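Summary of the model geometry
Here is how the chains run, residue by residue.
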Amino acid sequence: MTQHLLITAATLPDGTRADLRVQDGAIVETGSGLSADGGRVIDADGLQALPGLVDLHTHLREPGFEQSETVLTGTRAAAAGGFTVVHAMANTLPVQDTAGVVEQVASLGAQHGYATVRPVGAVTVGLGGERLSEIGAMAASRAAVRVFSDDGKCVSDALLMRRALEYVKTFDGVVAQHAQEPRLTEGAQMNEGALSSELGLAGWPAVAEESIIARDVLLAQHVGARLHICHVSTAGSVDIVRWAKARGIDVTAEVTPHHLLLTEQLAATYDPHYKVNPPLRREEDVLALRAALADGTIDIVATDHAPHPVEAKECAWPEAAVGMVGLESALAVVQEAMVETGLLDWSGVARVLSTTPARIGRVTGYDAPLAVGSPANITLVDAAARSDFDVARLHGMSVNSPFLGRSLPGRVMAVVHDGRPTVLDGALLEPAEVTTA
Amino acid sequence: MKHLLSTRDLSRVDAVRILDLAEDMADVATRAVPKLPTLRGKTVANLFFEDSTRTRLSFEAAAKRLSAEVITFSAKGSSVSKGESLKDTAQTIAAMGVDAVVLRHPASGAAATLAGSGWIDAAVVNAGDGTHEHPTQGLLDAYSIRKRLHGAGSRGRDLDGVRVTIVGDIVHSRVARSNVWLLSTLGAEVSLVAPATLLPGSIERWPVTAGHDLDAAIAARPDALMMLRVQAERMTSGFFPNEREYAREWGLSAERFARLGADTMVLHPGPMNRGLEISSAAADSARSVVLEQVTNGVSIRMAVLYLVLSGNDGTDA
Ligand SMILES: [Zn+2]
């Protein structure tokens, strides 16, 4: 089962070029003119090498919603997008709130082999927002859960959030908060502002996100706990996170690719493919998010990959499901929004899409990217490519991408997950070539 | 005109042409046989996912006066089954050979979604979508104001300089939106009066002035005062404390009505909550346009159905 690989002439994140030799799942040698030693050679001349991408926010939908996505299809989408680790959100059915469910999800990922699946544990039983779930059991399980979130729902009860932050600290975990004050967003459909007034769509005000973030950074400071903020979407949220970090509060934050590129103006089409939670915001929010990601105020990009069946988007906007698939387009969108604009170089991309999300999720093996001795998780990108993003690029079960038809740069050409290829020559490998079962 | 989805995208020329065509349609009603053969052989489907007998009957009367066949699908009856999607219902009626769909739907944007979906070929007329627009209501209100001001000399005129004040639940009102866009396109000066909770939070892009004081608005002697219907659910969700306070601050009471300028007309899209947003003294007065609005609604809807179904309307210029 061990594979010998030689990746030749790849451009590393720091701009230098090197060969990488992979054996028994690890990078064993770097340099130039390395010998293939009888293994497979991947010609990476002209390709950008990145450490395998790590998504802290993925909805794999299994168990319970297999008409939208499964662990297999979701991790195929992940591999196609250059990811080697995904964090599977807890809003499954049954909810990932016990050791049994998180172990099942993790083992499905391990069996399929496309990407490491790190389940996220629910903060509260059944995402009900009332009682803490068995956080200790999930942490101690074979899934070794370290990220806890009720994502999709906000832990809005202040006392419960305080307890969660404190309790999770016991297990070196982190609470990832979906910051959405529920009462302020009842029936909300899109960003609240002049456009929502015109369109007659109920507003999702920025203050509903910002007030929760403000409360939670203060709670995190008070109890000395680690806090992660999911999908930050407003300029005001950026200000609060910046303020908190300046005070030394242990907070990290993520932004989604779609919030880095798309604005609320797309809601004027009433096309539900642009309906997402939190909603697309104003141009000035997009620019503030980009600047915050560039200066480190926002730590990472996370996809919030949210597959839905076709019928969930084939209806009037207010009746449509919220969410977008994002695994396959994430790197291209980050290149478009951050690299092409000069805000981030490729080492910055490696930081926000691999090293830092791995650190937040306590995923081992990503702290010394592309170095000898590290597990071989490698993504090779043709950064010079550009094409219209089309449905053939989507490898999950659902096609609710807001980027279809949009010209985007970059193309994932090869992915190595724990020493084994999942993508070669720009094509996703078949399950039989990838499975570890 | 392929569809009528909103008044937002109507030009002044197009809007005046629709109002003028409605004048022609109104003339038909005065004939011994108030019926035109214009749309014989065409079928109009009233597709109502939300109950509105008034609007449905108005469209039905309009279609029949133009000799079109009318099929009605209503959420109240069994024809729109609960939970059936817009797509399935629309495709079902399209399969019956329908030329135009008049759509009332609780979701904002539903008419635009249907028109842009490719699910059906038929023309789409928005008969009210959520809290977005109700364009034929805006048109009939503009028509009614013009008619009151200019009578038989209405044809060809816009509403330049006419001062219209709209009072009430602006934020949830599709009637208010359609009126704001259309009246300002026609040159009217539109002002809005409501408690701050019922005004859109940011209306800087709206071509209006906004305030909270109905007495000041009345003292300014507008040409037209439009009172919007108050929904009981607004009170329970805390937009204002109770009916008493709303009526006291924003209702057109008999006392306020007495202070209204002698030539200020009063409009209401109906159905009215007498004693809440409007008093009987106002509603039943000679300055009330309420019943004319109903009559004019049929003429406007005849004009709109004619334009979307006749193919060539001359308004593309
Ligand atoms: Zn979320």
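Here the structure is a predicted model, which means the values were calculated and not measured.

Let's shift gears to the overall build of chain B. Secondary structure assignment for chain B yields 12 helices and nine strands. A compact globule built from 317 residues would reach a C-alpha radius of gyration of about 20 Å, and chain B, at 19 Å, matches this within 12%. Along the first, second and third principal axes, the C-alpha set of chain B runs to 55 × 45 × 35 Å. The proportion of buried residues among the 317 residues of chain B is 56%.

Regular strands place their side chains on alternate faces of the sheet. Residue and element names in this part refer to chain A. The pairing of strand 5 (residues 48–51) with strand 16 (residues 378–388) spans four bridges and is antiparallel. Opposite Gln 48, over in strand 16, you have Val 381 as the bridge partner. When strand 16 meets strand 17 (residues 407–417), the two strands line up antiparallel, connected through eight bridges. Bridge assignment links Arg 386 to a residue of strand 17, and that residue is Pro 409.

A few words now on the coordination of the zinc ion. Residues and elements named next belong to chain A. For the zinc ion, the full set of protein donor atoms is Asp 151 (OD), His 178 (ND1) and His 231 (NE2), and the range of their distances to it is 1.9 to 2.2 Å. Written as a sequence motif, the donor arrangement for the zinc ion is D-x26-H-x52-H. Of this pair, His 178 sits in the loop between strand 10 (174–177) and strand 11 (190–191) while His 231 sits in the loop between strand 13 (227–229) and helix 7 (235–246); the two residues are 53 residues apart in sequence, bridging distant segments of the chain.

The next thing to look at is the sheet that holds strand 8 (residues 224–227) of chain B. All names here are of chain B. With parallel pairing, the five strands of this open sheet are ordered in space as 7-6-5-8-9. Edge strands, defined here as strands with exactly one partner in the open sheet, are strand 7 (208–211) and strand 9 (265–267). Sheet twist, expressed as the average angle between the axes of neighbouring strands with direction ignored, equals 20°. Where strand 5 (residues 163–167) and strand 8 come together, four bridges link them in parallel fashion. Bridged to Val 164 within strand 8 is Ala 224.

We now examine the packing of helix 7 of chain A against helix 9 (residues 283–295) of chain A. All names here are of chain A. Between helix 7 and helix 9, the least distance of the axes is 8 Å, while the angle of their chain directions is 30°. Taken together, the axes of helix 7 and helix 9 are roughly parallel relative to one another. Packed against helix 7, whose contacting residues are Ala 235, Val 238 and Arg 242, the element helix 9 presents Glu 284, Asp 285, Ala 288, Leu 289, Ala 292 and Asp 295 at the interface. In terms of residue class, the contact of helix 7 with helix 9 is built from five nonpolar, no polar and four charged.

The next point concerns unusual backbone geometry. A:Pro63 follows A:Glu62 through a cis peptide bond whose omega is 5°. Looking along the chain, the bond that leaves A:Asn277 and enters A:Pro278 is cis, with omega of -5°. Along the chain, A:Pro278 falls in the loop between helix 8 (257–261) and helix 9. Of note, the phi angle at A:Asp24 is positive, near 50°, even though the residue is not glycine. Within the element layout of this structure, A:Asp24 appears in the loop between strand 2 (17–23) and strand 3 (26–31). Residues other than glycine seldom take positive phi values, yet B:Arg221 does so here, at roughly 50°. As for its placement among the helices and strands, B:Arg221 is situated in the loop between helix 7 (214–219) and strand 8.

What holds strands together in a sheet is hydrogen bonding between their backbones, with the strands either parallel or antiparallel. Residues and elements named next belong to chain A. Taken in spatial order, the five strands of this open sheet run 9-10-13-14-15, and their pairing is parallel. This sheet does not close on itself; its edge strands, each paired only once, are strand 9 (147–148) and strand 15 (300–301). With three bridges joining them, strand 10 and strand 13 adopt parallel strand pairing. Bridge pairing in strand 13 places Ala 176 opposite His 228.

What follows covers empty space enclosed by the protein. Residue and element names in this part refer to chain A. The full count for this structure, using the stated rule, is two cavities of 30 Å³ or more. Of the pockets and cavities examined, the largest cavity occupies roughly 60 Å³. Gln 189, Met 190, Asn 191, Glu 264, Ala 267, Tyr 274, Lys 275, Val 276, Pro 279, Leu 280 and Trp 317 are the residues that line the largest cavity. Considering only residue class, the lining of the largest cavity consists of seven nonpolar, two polar and two charged. Reported here for the second largest cavity is a volume of approximately 40 Å³.

This part covers the domain arrangement of chain A. All names here are of chain A. Under the domain assignment used here, chain A contains domain 1 (4–48 + 373–432) and domain 2 (52–360). The distance between the C-alpha centroids of domain 1 and domain 2 comes to 26 Å. On the side of domain 2, 46 residues touch domain 1, which itself brings 36 residues to the contact. Contact between domain 1 and domain 2 buries roughly 3200 Å² in total, counting both sides, with carbon and sulfur atoms accounting for 62%. For the domain 1 face of the interface with domain 2, the top three residues by lost area are Met 397, Asn 400 and Pro 402, together amounting to 20%. Ionic pairing is found between Arg 386 and Glu 336, a salt bridge with its closest N-O pair at 2.6 Å.

Attention shifts here to the environment of A:Thr435. All names here are of chain A. Position of Thr 435 relative to the elements: it lies in the segment after helix 12 (431–434). Here Thr 435 falls in the partly exposed class, since its relative accessible area comes to 26%. Measuring from C-alpha to C-alpha, the distance between Thr 435 and Pro 94 comes to 25 Å, with 341 residues separating the pair along the chain.

Before going further, it helps to examine the pairing of strand 7 (residues 83–88) of chain A. All names here are of chain A. Most of strand 7 sits out of view: six of its six residues are buried. Note that strand 6 (residues 53–58) and strand 7 share four bridges and pair parallel. Residue pairing in the sheet places Leu 53 in a bridge with Phe 83 of strand 7. Handedness of the β-α-β unit built from strand 6, helix 1 (residues 71–80) and strand 7 comes out right-handed. Strand direction decides the pairing type here: strand 7 and strand 8 (residues 116–119), joined by four bridges, are parallel. Each bridged residue has a counterpart across the sheet, and for Val 86 the counterpart in strand 8 is Val 117.

The subject of this paragraph is helix 4 (residues 158–169) of chain A. Residues and elements named next belong to chain A. The end-to-end C-alpha distance of helix 4, which contains 12 residues, comes to 17 Å, matching closely the 16 Å that a straight helix rising 1.5 Å per residue would cover. Buried residues of helix 4: Leu 160, Met 161, Ala 164, Leu 165 and Val 168, and no others. Summarising the axial view, the buried residues of helix 4 lie within an arc of 135°, below the 170-degree limit, and thus occupy one face. Along its buried surface, helix 4 packs onto helix 3 (135–140), strand 9, strand 10, helix 6 (206–223) and strand 13. Measuring from the backbone nitrogen of Leu 159 back to the side-chain oxygen at the start of helix 4 gives 2.9 Å, which picks out Asp 157 as the cap.

Time to look at the side chain of A:Arg226. Residues and elements named next belong to chain A. With respect to the element layout, Arg 226 can be found in the loop between helix 6 and strand 13. Within the buried core, Arg 226 has no salt-bridge partner, and the shortest N-O distance to an opposite charge, that of Asp 172, equals 4.5 Å. Of the polar contacts made by the side chain of Arg 226, one reaches the backbone oxygen of Asp 172; its length is 3.2 Å. Of note is the side chain of Arg 226, whose polar atom sits 3.1 Å from the backbone oxygen of Ile 360. In contact with Arg 226, not counting residues within four places along its chain, are Leu 165, Asp 172, Gly 173, Val 174, Val 175, Asp 250, Arg 359, Ile 360 and Arg 362.

Cut-offs applied
Residues numbered from 1 in each chain as written. Chains lettered and ligands numbered in written order. Predicted model: local features only at pLDDT ≥ 70, side-chain atom pairs only at ≥ 80, totals over all residues. Heavy atoms only, no water. Helix = DSSP H or I, 4+ residues; strand = E, 2+ residues; numbered from the N terminus. Rg over C-alpha atoms; globule rule 2.2 N^0.38 Å. Buried < 20%, exposed > 50% of the residue type's maximum accessible area, 1.4 Å probe, protein only. Pairing = 2+ DSSP bridges. Donors = N, O, S within 2.8 Å, 3.2 Å for Na, K, Ca; no water. Axes fitted to C-alpha atoms, helices over the stretch in contact; angles between N-to-C directions. Parallel < 35°, antiparallel > 145°, perpendicular 65-115°, else oblique. Contact = heavy atoms within 4.5 Å. Nonpolar A, V, L, I, M, F, W, Y, C, P; charged D, E, K, R; others polar. 1 Å grid on protein atoms, 1.4 Å probe; cavity = no way out; pocket = protein on both sides within 12 Å on 5 of 7 lines; lining within 4 Å. Points joined across faces, edges and corners; volume = space filled by probe spheres on them. Domains from an automatic or database assignment. Buried area = accessible area lost by both parts, 1.4 Å probe. Salt bridge = Lys/Arg side-chain N within 4 Å of Asp/Glu carboxyl O. Right-handed = clockwise from strand over helix to strand, strands pointing away. Expected span 1.5 Å × (residues − 1). Arc of directions from axis to C-beta. Polar contact = N/O pair within 3.5 Å; in protein donor to acceptor, adjacent residues only side chain to side chain. Lys, Arg positive; Asp, Glu negative; His and termini not counted.

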